[in-house]
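Topology and contacts: notes
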Amino acid sequence: MKPPLLLIGQGSHDDAGSAEFGRFVHRLRCRLDQTAADVSGGYISRARPRLSDSIASLVARGHHRMVALPLSLTEDMRADADLLAVMAQEQERHPMLSCDYGRPLGSDPRVLALLAERLADAAAEVASLRLVPVAAGPLDDEPERIEIGETAVVLVGDGSTSPAANADVHRVSRLFWETHAHEYMTVETAFVSLTPPGVPGGIERCRRLGAKRVIVVPYLLFGGGVLDRVWAQAMAYAAGHPDLDVRCADVIGDCEGLADVVVDRYEEALGGVIW
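For the structure given in this document, a descriptive report is provided here. What you see is a predicted model; the values in this text were computed from it and never measured.

Thresholds, definitions, all that
- Residues numbered from 1 in each chain as written.
- Predicted model: local features only at pLDDT ≥ 70, side-chain atom pairs only at ≥ 80, totals over all residues.
- Heavy atoms only, no water.
- Pairing = 2+ DSSP bridges.
- Helix = DSSP H or I, 4+ residues; strand = E, 2+ residues; numbered from the N terminus.
- Axes fitted to C-alpha atoms, helices over the stretch in contact; angles between N-to-C directions.
- Contact = heavy atoms within 4.5 Å.
- Buried < 20%, exposed > 50% of the residue type's maximum accessible area, 1.4 Å probe, protein only.
- Core = buried A, V, L, I, M, F, W, Y, C linked by side-chain atoms within 4.5 Å.
- Polar contact = N/O pair within 3.5 Å; in protein donor to acceptor, adjacent residues only side chain to side chain.
- Phe/Tyr/Trp six-rings, centres within 6.5 Å; stacked < 30°, edge-to-face > 60°.
- Salt bridge = Lys/Arg side-chain N within 4 Å of Asp/Glu carboxyl O.

1. Digging into the sheet that holds strand β3 (residues 65–70)
The strand order across the open sheet built from 4 strands is β2-β1-β3-β4, with neighbouring strands paired in parallel fashion. Each edge of the sheet is formed by a strand with only one pairing partner; in this case those strands are β2 (39–43) and β4 (98–101). Direction aside, the axes of adjacent strands within the sheet are offset by 30 degrees on average. Packed on one face of the sheet, helix α2 (residues 51–60) meets β1 (5–9), β2 and β3 and runs near 155 degrees to β2. In this fold helix α8 (residues 256–270) packs onto β1, β3 and β4, with an angle of close to 135 degrees to the strand it touches most, β3.

2. Structural notes on the environment of L112
Examined against the element boundaries, L112 turns out to sit in helix α4 (residues 109–123). We classify L112 as buried; its relative accessible area is 5%. Linking L112 and T179, residues 67 residues apart in sequence, is a C-alpha distance of 8.2 Å. What L112 contacts, discounting residues up to four positions off in sequence, is S107, V172, L175, F176, T179 and H180.

3. A closer look at unusual backbone geometry
Residue P197 is bonded to the preceding P196 through a cis peptide linkage, with omega at -5 degrees. Here P197 shows up in the loop between β6 (187–191) and α6 (199–208).

4. Describing the nonpolar core
Within the largest apolar cluster, 47 residues are counted, with the highest numbers of intra-cluster contacts made by L5 and L7. Once you skip the residues sitting within four places of it in the chain, L7 turns out to touch F21, F24, V25, L28, V39, S40, G41, G42, L69, L71 and V262. Counting residues in each nonpolar core, the second largest holds 21 residues, with V154, Y237, L244 and C248 among its members.

5. Structural notes on the side chain of E204
Checked against the element boundaries, E204 lands in helix α6. A relative accessible area of 16% means that E204 is categorised as buried. Separated by 2.8 Å, the side chains of E204 and R207 make a polar contact. In terms of polar contacts, E204 uses its side chain to reach the side chain of Y237, at 2.5 Å. Those residues in contact with E204, other than ones at most four positions away along the chain, are Y237 and H241.

6. Things to note about the packing of aromatic side chains
Within the structure shown, the criterion is met by 3 aromatic pairs. An angle of 85 degrees between the planes, with centres 6.5 Å apart, marks the rings of F21 and F222 as edge-to-face. Residue F21 is found in helix α1 (residues 15–32), and its partner F222 is found in the loop between β7 (213–218) and α7 (225–239); the two are separated by 201 residues along the sequence. A single burial state applies to F21 and to F222, both of which are buried. Between F24 and F222, the aromatic rings sit 5.8 Å apart at their centres with planes inclined by 55 degrees, giving tilted as the arrangement. Here F24 is found in helix α1, whereas its partner F222 is found in the loop between β7 and α7, with 198 residues between them in sequence. The same class applies to F24 as to F222, namely buried.

7. So, the pattern of salt bridges
Oppositely charged side chains can form a pair if their charged atoms are brought close together. Tallied over the full model, the rule gives 21 salt bridges. Close ionic contact of R27 with D254 constitutes a salt bridge, the shortest N to O distance being 2.5 Å. With a gap of 227 residues between them, R27 in helix α1 and D254 in the loop between β8 (245–248) and α8 connect regions that are remote in the sequence. Accessibility expressed as a relative area gives 22% for R27, which makes it partly exposed. The residue R93 makes a salt bridge to E90 at a minimum N-O spacing of 2.3 Å. Residue R93 and its partner E90 are both found in helix α3 (residues 77–93); the two are separated by 3 residues, about one turn of the helix. Among the residues examined, R93 registers a relative accessible area of 52% and is labelled exposed. A relative accessible area of 2% means that E90 is categorised as buried. Look at the salt bridges and you will find they share partners, linking R27, R31, D254, E256 and D260 into a network.

Put into structure tokens, the structure is as follows:
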């Protein structure tokens, strides 16, 4: 039997995000059950199940080696330090425990492809779903046609106190533009918190570049409070700029494409691949 996969979330007080995390853990459990591998998941802090409880449950089921995979899109030194500190405590509680670590999901081409799907879904929405409707006119008036070259994208990361983690988001923005969004005017980078530019700043830069439409794409794994903040900031900006069509895409979310990436990270860690 293969070592179990331990999925690790940073944790939040948001029930919606925790529920989606739980559904994703269940999806991986169903996938890896076919290869005789156990799957569990837990949070470092602020949410349940706690990581310590999940590890204790795995150890109680006879597992002493496991693969830990942080569900993260960037390498955040602060988050890594928190994880290593928690795992050190767990190894004191369970002296026989050994752990291999999988690398972050990051700029994997399949993650970029999932972002492209979310962007395409948002771009295909009908005019009635715009955040700010166009000014009312005669019933037979056609909405102004906005070409893809007049549409900009704002890729929004969570934001970190780590410059390297923030630089990763900028790097993904560039990769995303060149691989999946080159027909758009530009792909700008913004952050929910902790570092500039914020979502309004990212949209404003697109407006100044001449964009008639801006699509905000959250660079986030799951929904919940952080996604709500992205949408709220975008809508607040849109309310003050009725001449600009602002739309929001969804998060990557619980899906088979994301599961594919996680399974590959698990197999890499089992094989001792060094990156």
